[in-house]
Amino acid sequence: MPDTAAIAVVVPCYNESAAVAKVVTELRAALPTAAIYVYDNNSTDDTAARAAAAGAVVRHVAAKGKGNVVRRAFADIEADVYLLIDGDDTYEAARAADLVKVLLDGPYDHVVGVRKHEAAAAYRPGHTFGNRVLTGTTGALFGREITDMLSGYRAFSRRYVKSFPALSREFEIETELTIHSLHLRVPVAEIPVAYKERPSGGESKLRTYRDGLRILGWIVGLTRLERPTLFHGALAALFGVVALILGVPVVAEYLDTGFVPRLPTAVLASTIGLIAVVLLVLGYLLDAIGRSRQETARLTYLSYQAPGVRQLG
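Residues numbered from 1 in each chain as written. Predicted model: local features only at pLDDT ≥ 70, side-chain atom pairs only at ≥ 80, totals over all residues. Heavy atoms only, no water.

A. Structural view of the sheet that holds strand S2 (residues 35–40). Taken together, the 7 strands give an open sheet; going across it, the order is S3-S2-S1-S4-S6-S5-S7, and neighbouring strands pair in mixed fashion. At either margin of the open sheet sits one strand with a lone partner, and together these are strand S3 (57–60) and strand S7 (188–194). Sheet twist, expressed as the average angle between the axes of neighbouring strands with direction ignored, equals 20°. For strand S5 (residues 110–116) and S7, the ladder comprises 7 bridges, and the chain directions are parallel. Bridge pairing in S7 links valine 114 to proline 192. (Pairing = 2+ DSSP bridges. Helix = DSSP H or I, 4+ residues; strand = E, 2+ residues; numbered from the N terminus. Axes fitted to C-alpha atoms, helices over the stretch in contact; angles between N-to-C directions.)

Written out as structure tokens, the structure is:
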């Protein structure tokens, strides 16, 4: 790993006083030259004090939610490499240097720490199933799959971070990070990392069903924005099928008798069919607009050097 690479570690925290000092200490041992930033998100315990005592730079974000924290951190911090890790001591902080090394040696723009867990308490069955469903859905919609889409342990290049819009507010942030990689087709690597149970006194902030539905809604919303032809085409197909179901008997009756006795049904079928056509056309128009946005994001991404170029040059 080049010694001159400026590395910033971002640790989002909300009531993690039981673990944050240990996480900061392990990160400092793994990455001695890195700047470690603990972003306190309105904690009601002494998370901030313990992080500062362990040697981290503590910053505060009033807007609730992990997405808001990452948005603020990515906007404020200037570095060559960014490492994102939760402050709950569930991820293997000692592997931080490995993620950074893979990123720079690749070079990659995004390295994901794929969670490997043995204890059932570390990762509940509902979370495992939900992660598989959401990861598989994202892979099917965007054409490439990342093994652990909801991992909170990641490394990024500067050009990835500065081209990332960060629109999500809460736990949807990992989904947005993944889809940004897939949509821009940036080089991504994965490495396995241990995932363990929270320390005594720590409490998970993730709610399986509520947050799972929220993430699924975010995937649908991003599909509408990033793949409008697919999204509106599917809606147009649905409306088209309904129009056919309603309209075919009316047309058949007209051909047989020369009359249209069910005029309201005929009007309804025609209207629904027209909506289907409008949806399809709208999808193509939004796709053209979306391509322009994608080109802008790609040019922003390309305006920064690849990771490791300056250090190795």
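B. Here's a closer look at a nonpolar patch on the surface. A cluster of nonpolar side chains, namely Val251, Tyr254, Leu255, Val260, Leu263 and Val267, defines an oily patch on the protein surface of about 580 Å² accessible area. The set of elements that each furnish at least two residues to the nonpolar patch consists of helix H9 (228–257) and helix H10 (263–302). In terms of residue count, the dominant contributor to the nonpolar patch is H9 (3 residues). Along the chain, the position of tyrosine 254 falls in helix H9. (Patch = residues over 30% accessible without salt bridge, like charges linked within 9 Å, V, L, I, M, F, W, Y side chains within 5 Å. Areas by Shrake-Rupley, 256 points an atom, 1.4 Å probe, with all protein chains shown as cover. Salt bridge = Lys/Arg side-chain N within 4 Å of Asp/Glu carboxyl O.)

C. The arrangement of the packing of H9 against H10 in detail. Contact geometry of H9 with H10 gives a least axis separation of 8 Å together with a crossing angle of 165°. Classified by the angle between their axes, H9 and H10 sit roughly antiparallel to one another. Like other packed secondary-structure pairs, H9 and H10 cross with a definite hand, here left-handed. Counted by class, the contact of H9 with H10 contains 19 nonpolar, 8 polar and 1 charged residues. (Parallel < 35°, antiparallel > 145°, perpendicular 65-115°, else oblique. Left-handed = near helix turned anticlockwise from the far one by under 90°. Nonpolar A, V, L, I, M, F, W, Y, C, P; charged D, E, K, R; others polar.)

D. Broad picture of the UniProt feature "transmembrane region" (unreviewed entry) in the protein. Per the UniProt record, "transmembrane region" (unreviewed entry) is found at residues 230–251 and 263–286. Between the end C-alpha atoms of residues 230–251 there is a gap of 30 Å, over a span that is 100% helix and 0% strand. Spanning residues 263–286, this segment combines 100% helix with 0% strand, and its end C-alpha atoms are found 34 Å apart. (UniProt positions renumbered as here; feature names shortened; annotations may be inferred.)

E. How the structure looks around the packing of aromatic side chains. Counted according to the given criterion, the structure contains 7 aromatic pairs. Relative to phenylalanine 156, the ring of phenylalanine 74 lies with its centre 5.7 Å away and its plane at 75°, an arrangement referred to as edge-to-face. Note that phenylalanine 74 is positioned in helix H3 (residues 66–76) and phenylalanine 156 in strand S6 (residues 154–157), a separation of 82 residues in sequence. A residue is classified by how much of its surface remains accessible, and phenylalanine 156, at 0% relative accessible area, is buried. Measuring from ring centre to ring centre gives 5.5 Å for tyrosine 91 and tyrosine 153, while their planes differ by 55°; the resulting arrangement is tilted. You can see tyrosine 91 sitting in the loop between strand S4 (81–84) and helix H4 (96–105) and its partner tyrosine 153 sitting in the loop between helix H5 (125–142) and S6, a full 62 residues away along the chain. You'll find tyrosine 91 and tyrosine 153 in the same group, each marked buried. Here the aromatic cluster, defined as three or more aromatic residues joined through ring pairs, consists of Phe74, Tyr82, Phe156, Tyr160 and Phe164. Stacked on the ring of tyrosine 14, the Lys or Arg lysine 64 has its end atom at 3.1 Å from the ring centre. The side chain of arginine 115 reaches across the aromatic face of tyrosine 195, ending 5.3 Å from its centre. (Phe/Tyr/Trp six-rings, centres within 6.5 Å; stacked < 30°, edge-to-face > 60°. Buried < 20%, exposed > 50% of the residue type's maximum accessible area, 1.4 Å probe, protein only. Lys NZ or Arg CZ within 6 Å of the ring centre and 35° of its normal.)

F. Spatial organisation of the packing of H3 against helix H7 (residues 173–184). Put simply, H3 and H7 touch, their axes get as near as 9 Å, and they point 50° apart. Comparing the axis directions of H3 and H7 gives the class oblique. Of the residues in H7, those touching H3 at Lys66, Gly67, Val70 and Phe74 are Ile173, Glu174 and Leu177. When its residues are assigned to classes, the contact of H3 with H7 shows 4 nonpolar, 1 polar and 2 charged. (Contact = heavy atoms within 4.5 Å.)

G. Quick peek at H9. If you check H9, its first and last C-alpha atoms are 42 Å apart, about what 30 residues at 1.5 Å a residue would give, namely 44 Å. Glycine 247 marks the point of greatest bend in H9, at about 35°, and the proline proline 249 comes within the next four residues. Those residues of H9 that sit buried are Pro228, His232, Ala236, Ala243, Gly247 and Val250. Immediately downstream of H9, the backbone of glycine 258 shows phi near 85°, a positive value. (Expected span 1.5 Å × (residues − 1). Bend = angle between axes of the 7 residues up to and from the residue.)

H. Region of the structure containing the pairing of S2. When you tally the buried positions in S2, you get 5 out of 6 residues, the bulk of the element. Tracing the backbone out of strand S1 (residues 7–13), into helix H1 (residues 20–30) and back to the parallel element S2 gives a crossover that is right-handed. Relative to S3, S2 runs parallel, the two being bridged by 4 bridges. Looking at the pairing, tyrosine 39 lines up with arginine 59 of S3. (Right-handed = clockwise from strand over helix to strand, strands pointing away.)

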